[in-house]
Amino acid sequence: MKLKMAARRHGIPLGNFQPSTNVLRATRYAHGFRHVTTSTLAFPPLRPSRARSNATPSISRSIIYHHSRSLHRSTIPDAKVDSEGYTTAFALLEGLWEAGITACFVNVGSDHPSIIEAIAKGKRERPQRWPRMITCPSEVIAISMADGYARVTGRPQAVLVHVDVGTQALGQGVHNASVGRVPVFIFAGLCPYTESGELLGSRTEYMHWLQDAPDQKAIVRQYCRYTGEVRTGLNVKQTIGRALQFASSAPKGPVYIAGAREVLAEKIEQYALQHNQWGPIGPSALPADAVHDISMALVQAERPLIITGYSGRDRRTPGLLVALADLIPGLRVHDTGGSDVCFPFSHIASEGSRFSTHECTRDADMILLLDCDVPWVPSRNPPPKGSKIYHIDIDPLNQQIPVSFFPAHGRWKADSHTSLLQLIDFIKCNETINSALKDSKYSARRNARAAVHKNRLAGIASQVRLGDEDRLDIHNIGSLLKTALPDSTTFVVEAVTSAQALADQLQPDRPGSWINCGGTGIGWSNGAALGVKMALTDTEQSEGNRKPTLVCQVVGDGSFMCAAPSSALWVASKYEIPILTVVLNNGGWKAPRNSTQLVYPDGLNTSASDDEINVSFRPTPNYAALAEAATGSELGWENSVENKPGVWMQGLRVKTVHQLKEALRLARLRVLEEDKGMLIEVAM
């Protein structure tokens, strides 16, 4: 009775009590991703020990929704949960599972006693209906793993950190999720608000005064789509549902929820949401006049160009761009950001991937911007003043970027996949356009594009030197990765100054085969590659595909050093997440020197050494030895291409083409066949 009275005071209807077997809603958080749509999923067991098992628990996930008079709540009296231990903290984690979150990347602290109790209770009482808890010694690895998982599935996963210091330690990971438009659910505890034992969860240790920030949510507010606080357990699941709506609605991004110890310890009555009422905003379309104007402009232009940045996050979109390019011979497509495969490299319309600096913008008389933040750099490669420019984007005004003045004759906040379907249908059905496209000039344009593309591929191939004793550079490294690894490999790339040359050599075609950050916080790939591998494994097992996908992280030494590499390596080892990591060791940061030369082309930087401008990492760490040490190897490190069967992670250092070939041969054996990790340090 007291509970019901408290609920009424908060304005929350209790609703009718109904039994529920809804253990997971496999929510379509966004269109266009490889979603879980079947009723049964098989998830790999987490194996903290080295003992391996072929048994994989099958998790039945019935997609059953229950109706009650309340639009918000229904209770679940027959669930096998001890009602004495049903707290806000337990409801929080249960609510995450019910909302479709299957993994929680955790870094626990003194603000989490009730959550720790709930974690243990859930693991014991409902182990197959509970999020997997992944211990992450570094918060930036935790959020980067959740980021990587969402890049594959489109669904947010959860990150648990402690108070203000754990929130701050998320660091550049929050920027990456925000700028990269990745849904992530973050929960952090708050310091207790009572001092003398007035409530369960009251302050008990000295740090509870020191960590009491005036506005903890402000630390991340400007990067989050939503920030909130759990103030009572009676609506904790509604708070989760609202946060996930923001995280999963375009433009997607991180959300942040906080809660104090007293609230998390509150005992409540068990309940569940009807998740079919808590979905994200659906995709929006172009108005009819925009479809007409854009289509006509594309067909009538002499040098039309599409510039895209992250439209390939929706795996269906690259195929539609191909269809559009095939309809309009001579149309070119340029990828500015390289965060996803937006257009196949092998297509004759492809201008490849450059960070907004490609010269193709200089002669375009019509430009369609499609999901693109920075189409060109105005001081370096602006389009002609007379160009007709249209912009289709889920965030066409770049609302979180204060200075962004790219002109356009028309802007529409619309979904790229939906918009492309509209444009293609209009062009196919319009008799005037179809008649115009029969003109011989379009055939000539197609032939000209084919010749240009062929010459570009020949130029890229000419940069590769593959003699056994040839020293390694990004061209032969990329070429060897492309030829030595399976076509199904997923590359998680953070190569910074080498990224664009690497893209030229890898020449990605398959949607999802190249994943770059999209943000600028270096070190992202250390955790993201692990999250990508987890998501691919879950997807493969749910679809009955027993052939694993190789995940290859390609990372510069500066980025690798920047975000807790030993923590990432340890997590990979503990939970046996096998990936191949290739560290491009060029002895430091090259990007700051390049940036300085753009501003001061005749400045002191041109004659200064790397040490003089503080970008040198020499003497360089032994990253290969670090990999084995961080994963608990008790064997002495030796640089041998012989397989070490007793070591989960093996590290190698290579300098020549022959050495890299042998290392990649061993990597295929270890990572694909033995489910073990490997790191190759490449001296450049």
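Higher on the page you've got the structure.
Quick caveat: nothing in here was measured; it's all calculated off a predicted structure. (Residues numbered from 1 in each chain as written. Predicted model: local features only at pLDDT ≥ 70, side-chain atom pairs only at ≥ 80, totals over all residues. Heavy atoms only, no water.)

## Quick word on unusual backbone geometry
Here is step 1 of the chain: For the bond from Ala-250 to Pro-251, the omega torsion is -5 degrees, close enough to zero to count as cis.
Here is step 2 of the chain: Along the chain, the position of Pro-251 falls in the loop between α8 (236-248) and β8 (254-260).
Here is step 3 of the chain: With an omega dihedral of 0 degrees, the bond running from Arg-618 to Pro-619 counts as a cis peptide bond.
Here is step 4 of the chain: Following the sequence through the fold, Pro-619 ends up in the loop between α20 (591-599) and α21 (623-630).
Here is step 5 of the chain: One non-glycine residue, Gln-507, adopts positive backbone phi at about 50 degrees.
Here is step 6 of the chain: Here Gln-507 shows up in the loop between α16 (499-506) and β16 (514-516).
Here is step 7 of the chain: Here Gln-507 falls in the partly exposed class, since its relative accessible area comes to 22%. (Helix = DSSP H or I, 4+ residues; strand = E, 2+ residues; numbered from the N terminus. Buried < 20%, exposed > 50% of the residue type's maximum accessible area, 1.4 Å probe, protein only.)

## Quick look at the packing of helix α15 (residues 474-484) against α16
Here is step 1 of the chain: Two elements in contact, α15 and α16, have axes separated by 8 Å at closest approach and are oriented at 40 degrees. Classed by the angle they form, the pair α15 and α16 counts as oblique. The two elements α15 and α16 cross, and the hand of that crossing is right-handed. Contacts between α15 and α16 involve Ile-474, His-475, Gly-478, Ser-479, Leu-481 and Lys-482 from the former and Ala-501, Leu-502, Gln-505 and Leu-506 from the latter.
Here is step 2 of the chain: Of the residues assigned to the contact of α15 with α16, the class counts are five nonpolar, four polar and one charged. (Axes fitted to C-alpha atoms, helices over the stretch in contact; angles between N-to-C directions. Parallel < 35°, antiparallel > 145°, perpendicular 65-115°, else oblique. Left-handed = near helix turned anticlockwise from the far one by under 90°. Contact = heavy atoms within 4.5 Å. Nonpolar A, V, L, I, M, F, W, Y, C, P; charged D, E, K, R; others polar.)

## Considerations on the packing of aromatic side chains
Here is step 1 of the chain: For the coordinates displayed, the defined rule picks out seven aromatic pairs.
Here is step 2 of the chain: Between the aromatic rings of Trp-589 and Phe-617, the centroid separation amounts to 4.9 Å while the plane-to-plane angle is 70 degrees, which identifies the pairing as edge-to-face. Of this pair, Trp-589 sits in the loop between β18 (580-585) and α20 while Phe-617 sits in the loop between α20 and α21; the two residues are 28 residues apart in sequence, bridging distant segments of the chain.
Here is step 3 of the chain: Classification of Trp-589 as partly exposed rests on a relative accessible area of 34%.
Here is step 4 of the chain: By relative accessible area, which is 14% here, Phe-617 ends up buried.
Here is step 5 of the chain: By way of ring pairs, the aromatic residues Tyr-86, Phe-90 and Trp-130 are connected into one cluster.
Here is step 6 of the chain: Taking NZ or CZ as reference, Lys-121 lies 5.8 Å from the ring centre of Phe-90, over its face. (Phe/Tyr/Trp six-rings, centres within 6.5 Å; stacked < 30°, edge-to-face > 60°. Lys NZ or Arg CZ within 6 Å of the ring centre and 35° of its normal.)

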